[in-house]
Amino acid sequence: MIMRIHLLISISILLGVTASGTAAESPSPGPLRVHPTNPRYFTDGTKLADGSLNAVYLTGSHTWNNLVDMERKERPERFDFNAYLNFLTEHNHNFIRLWAWDLTTWDRMSSQQYTDQKDELRTSPQPWLRTGPGQALDGKLKFDLNRLNPAYFERLLERVSAAGRRGIYVSVMLFEGWGLTHANRRTPVPGWAWRSHPFHPDNNVNGINADRDGDGVTGEVHRLGDNAINGFQSAYIRKVADTVNDLDNVLYEVINEGGQKEWNWWVAGAAGALMGVV
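Remember, predicted model here, so these are calculated numbers, not experimental data.

Definitions and limits used
- Residues numbered from 1 in each chain as written.
- Predicted model: local features only at pLDDT ≥ 70, side-chain atom pairs only at ≥ 80, totals over all residues.
- Heavy atoms only, no water.
- Core = buried A, V, L, I, M, F, W, Y, C linked by side-chain atoms within 4.5 Å.
- Buried < 20%, exposed > 50% of the residue type's maximum accessible area, 1.4 Å probe, protein only.
- Helix = DSSP H or I, 4+ residues; strand = E, 2+ residues; numbered from the N terminus.
- Phe/Tyr/Trp six-rings, centres within 6.5 Å; stacked < 30°, edge-to-face > 60°.
- Expected span 1.5 Å × (residues − 1).
- Pairing = 2+ DSSP bridges.
- pLDDT = per-residue confidence, 0-100.
- Contact = heavy atoms within 4.5 Å.
- Axes fitted to C-alpha atoms, helices over the stretch in contact; angles between N-to-C directions.

Quick notes on the nonpolar core
So, step 1. One finds Ile96, Trp101, Leu156, Val160, Phe199, Tyr236 and Val240 to be the most contacted residues of the largest nonpolar core, which totals 58 residues.
So, step 2. Top element by residues in this core is helix 5 (residues 227-244). It accounts for 7 residues.
So, step 3. Ranked by size, the runner-up nonpolar core spans 7 residues in total, among them Phe42, Val56, Tyr169 and Leu251.

Rendered as structure tokens:
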């Protein structure tokens, strides 16, 4: 069986240019694998005129809202993903880091090194349905962590498939850790990221509380030790695998800038078992 994916545990993804230097305007030729003669590169299995395997060097242009919409509005407008794909192909890019966002908000006071904006963005959709009863801290219905959100995974499939038709590989980010790990204390009132996470006790109907140290600020979400939390995470990983793992243009990233080391490897192992990686 062809191994369709590679797992990435990373803070950043290698960016560069395609080996051929031309725009990838046709469907992805096949799943990537490590190049046998130079493991710094991938190969798609196609061969050059001299019989050697084609080396693929991934490059792309990043934006944070290419999967989860982000705006000041209560209901963020849908990101124009087709225009984004047009931009990538026009610039000969072949790679997308498809950005997960675990939180219902983004307080841009936490990002003053990147922007002078000081407002709060609302984000949607999330992987879980917001059914209530009761309101979460952002004023919307609480999450039911037993019920995954079909709209989220339909969008995931739609966007990965559309990229593949353009010859673009997609690194599907499973979890986002920057908010809780780095940005959570950068605002006048620390804890904004934790207060907007579905695993905050005021944001779900399941009695889940990831604040294991009880400081009310951090939220120890991306770590082992709570079977209920890890069970919800495992179900989410399984749904991602069921959604896109049959596509040839998929890679996976465990988490952006976060995660306990043991938890990261647990996610990699769980994902690998589901996705046929040895």
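Remarks on the packing of aromatic side chains
So, step 1. Enumeration over the complete set of coordinates arrives at 13 aromatic pairs.
So, step 2. Ring geometry for tryptophan 101 against tryptophan 178: centres 6.3 Å apart, planes inclined by 40°, an arrangement best described as tilted. One end of the pair, tryptophan 101, is in the loop between strand 6 (95-98) and strand 7 (105-107); the other, tryptophan 178, is in helix 3 (residues 178-183), and 77 residues separate them in sequence.
So, step 3. By relative accessible area, tryptophan 178 is classed as buried at 9%.

A word on helix 6 (residues 261-275)
So, step 1. Its 15 residues place the ends of helix 6 21 Å apart at the C-alpha level, agreeing with the 21 Å of an ideal helix rising 1.5 Å per residue.
So, step 2. Phi turns positive, to about 80°, at glycine 276, one or two residues after helix 6.

Observations concerning the sheet that holds strand 4 (residues 53-56)
So, step 1. The 3 strands are arranged 2-3-4 in an open sheet whose pairing can be described as antiparallel. With partners counted over all chains shown, the strands left at the sheet margins are strand 2 (33-34) and strand 4, one partner each.

With respect to the confidence of the model for the protein chain
So, step 1. On average, the protein chain scores 87 in pLDDT, and the residues at 70 or more come to 86%.
So, step 2. Note that residues 1-6 has pLDDT below 50 and, in this model, 24 contacts with residues that lie over four places away or in other chains.
So, step 3. Note that residues 9-24 has pLDDT below 50 and, in this model, 45 contacts with residues that lie over four places away or in other chains.

What about the environment of leucine 88?
So, step 1. Residue placement: leucine 88 occurs in helix 1 (residues 81-90).
So, step 2. Residues leucine 88 and serine 61, 27 residues apart in the sequence, show an inter-C-alpha distance of 7.0 Å.

Focus: the pairing of strand 11 (residues 169-176)
The side chains of a regular strand alternate between both faces of the sheet.
So, step 1. Of all 8 residues making up strand 11, 8 are buried, and the element is well covered by its neighbours.
So, step 2. Alignment of strand 6 against strand 11, held across 4 bridges, turns out to be parallel. Along strand 11, the bridge assignment pairs isoleucine 96 with valine 170.
So, step 3. Taken together, the 6 bridges between strand 11 and strand 12 (residues 250-256) define a ladder with parallel strand orientation. For serine 171, the partnering residue across the bridge sits in strand 12 and is leucine 251.

A few points about the sheet that holds strand 8 (residues 120-124)
So, step 1. Taken in spatial order, the 3 strands of this open sheet run 5-8-7, and their pairing is antiparallel. Each edge of the sheet is formed by a strand with only one pairing partner; in this case those strands are strand 5 (69-71) and strand 7. Ignoring strand direction, the axes of neighbouring strands in this sheet form an average angle of 25°.
So, step 2. Relative to strand 8, strand 7 runs antiparallel, the two being bridged by 3 bridges. What sits directly across from threonine 105, in strand 8, is arginine 122.

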